[in-house]
Amino acid sequence: MSILGVESAIFGVADLGEHTRFWTDFGLPLEQADDHQSIFRLASGSRVILYRHGDARLPSPDPFPGDGLKETVWGVQSPDALDRIAASLASEVAVHRDDDGTVHCTCPDGQPIGLRVWDKRLVVSETSPVNTPGSYPRFNQHRIWRRKAIPKTINHVVFFSPDYVGSFEFYERHLGFRYVDHSKGTGIFSRADGTFEHHSIFWVNCDLPIAPDHFKFMHIAFGMDDIDEVMLGANIMEAKGWKNQTMNSSGGISRHRISSAIYYYCDMPGKAGEAEYHADTDYLDDNWVPRAWDFRFGSLLWSNNAPPIFRGDNIPWDMSFDADRASFEPYRKSQPGKRPVEGKLADISEADEHAI
């Protein structure tokens, strides 16, 4: 294996103090803060780094207007793997290295990425066994009592892409990412080869009615122990004044069918995107068989406030195994530009966005 997950998520922000307060309240451990930057480090060693707009350490040109995740730095297992990936990238895009060895490039879809050798930390974590009427492994034992949410890992990042099939295939070609699942017409879920979480990255189709026509950050997800920790985090964030305002966070706590994950979004300041509490996702390896899904069937198993397009009993139970990737072909692009979408995809509104 080569890529171990997100080593650093680098944000460009207008109000450094407000964003620092947000991430502190969210539960990230603050490692360093001054007038120019704030650095948070999780148990896995992953970092969230905040710079002010215009900081020379941010990608130039800026990949999209406003606040948000400007560069994803992927952690690589060894120097040899880093050299191999850098050479592969250089065959297709311009690559440069920092003095510390970090490799940088811009993907064809406009996403700036970095890669560096990473000594990823082992995360020690546990949750309480779940009792059911016919199975009670938590016998004569109370559930763990938690006081706050403590994010431990960066599980995945999500971006809008003007060519989501092409975005995945670039990552596969040069970074060794695995195809996991396809929400048809909505996006592709992909896993770094050195991780087991259902996906490390998800690209959302810019052709959707609610999407921009260019690369843009959508959200970042943090691994939590269980639903209790997710809900504690949600309650604490609301108590500290972080009220969800966007349609993308309006669904409350929900569970995806496609990845089994429980999730809850919190709106970042400055309309920067969403931070996600994320628990009980599927974990998998290279024995996994990729699947293609109708987007409404795959998106939600349940939701506190299901968006309109995901309500009702007429959603088809539409899932098929897709090892040959036949589902990619209708969405493959031979030239840039926004294409019209058809069927229910064309009916997606801002009210539906959080469940995608």
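The structure we're discussing is the one just above.
Residues numbered from 1 in each chain as written. Predicted model: local features only at pLDDT ≥ 70, side-chain atom pairs only at ≥ 80, totals over all residues. Heavy atoms only, no water.

1. Details of the state of the cysteines
Logical step 1: Under the counting rule described, the total for this entry stands at zero disulfides.
Logical step 2: Cys 105 takes part in no disulfide bond, and the closest cysteine sulfur to it belongs to Cys 107, at a distance of 5.0 Å.
Logical step 3: Given a relative accessible area of 6%, Cys 105 falls into the buried group. (Disulfide = S-S within 2.5 Å. Buried < 20%, exposed > 50% of the residue type's maximum accessible area, 1.4 Å probe, protein only.)

2. Here we look at unusual backbone geometry
Glycine aside, residues mostly have negative phi, and peptide bonds are mostly found in the trans state.
Logical step 1: With omega at 0 degrees, the peptide bond leading from Ser 60 into Pro 61 counts as cis.
Logical step 2: Its identity as a non-glycine residue notwithstanding, Asn 140 has a phi of 55 degrees, on the positive side.
Logical step 3: Take Asn 140: it is sitting in the loop between β8 (112-117) and β9 (153-161).
Logical step 4: We classify Asn 140 as exposed; its relative accessible area is 75%.
Logical step 5: One non-glycine residue with positive phi stands out, namely Asp 280, at about 60 degrees.
Logical step 6: Mapped onto the elements, Asp 280 comes out in the loop between β16 (274-279) and β17 (291-293). (Helix = DSSP H or I, 4+ residues; strand = E, 2+ residues; numbered from the N terminus.)

3. Section: the pairing of strand β3 (residues 37-41)
Logical step 1: Among the five residues of β3, four are classified as buried, and the element is accordingly described as predominantly covered.
Logical step 2: Across three bridges, the pairing between strand β2 (residues 30-33) and β3 is antiparallel. Considered in β3, the bridge of Gln 32 is made with Ile 39.
Logical step 3: Two successive antiparallel strands, β2 and β3, enclose a turn made up of three residues.
Logical step 4: Bridge count for β3 against strand β4 (residues 47-52) is five bridges, and the pairing is antiparallel. Along β4, the bridge assignment pairs Ser 38 with Leu 50. (Pairing = 2+ DSSP bridges.)

4. Describing the environment of Gly 187
Logical step 1: Residue placement: Gly 187 occurs in strand β11 (residues 187-191).
Logical step 2: With residues up to four places along the chain from it excluded, the contact list for Gly 187 reads Tyr 164, Asp 181, His 182, Phe 202 and Trp 203. (Contact = heavy atoms within 4.5 Å.)

5. Concerning a nonpolar patch on the surface
Logical step 1: Side chains of Ile 227, Leu 301 and Trp 302 sit close together on the surface and give an oily, nonpolar patch of about 260 Å² of accessible area.
Logical step 2: Its location among the elements puts Ile 227 in helix α4 (residues 227-239).
Logical step 3: Residue classification places Ile 227 among the partly exposed residues on the basis of a relative accessible area of 35%. (Patch = residues over 30% accessible without salt bridge, like charges linked within 9 Å, V, L, I, M, F, W, Y side chains within 5 Å. Areas by Shrake-Rupley, 256 points an atom, 1.4 Å probe, with all protein chains shown as cover. Salt bridge = Lys/Arg side-chain N within 4 Å of Asp/Glu carboxyl O.)

6. Comments concerning the pattern of salt bridges
Should their charged atoms come close, side chains of opposite charge can pair.
Logical step 1: If you walk through the whole model with that rule in mind, you get 25 salt bridges.
Logical step 2: Its salt-bridge partner being Asp 83, residue Arg 97 comes within 2.7 Å of it at the nearest N-O pair. One end of the pair, Arg 97, is in strand β6 (residues 95-97); the other, Asp 83, is in helix α2 (residues 79-90), with 14 residues separating them in the sequence.
Logical step 3: Asp 83 sits in the partly exposed class, given a relative accessible area of 40%.

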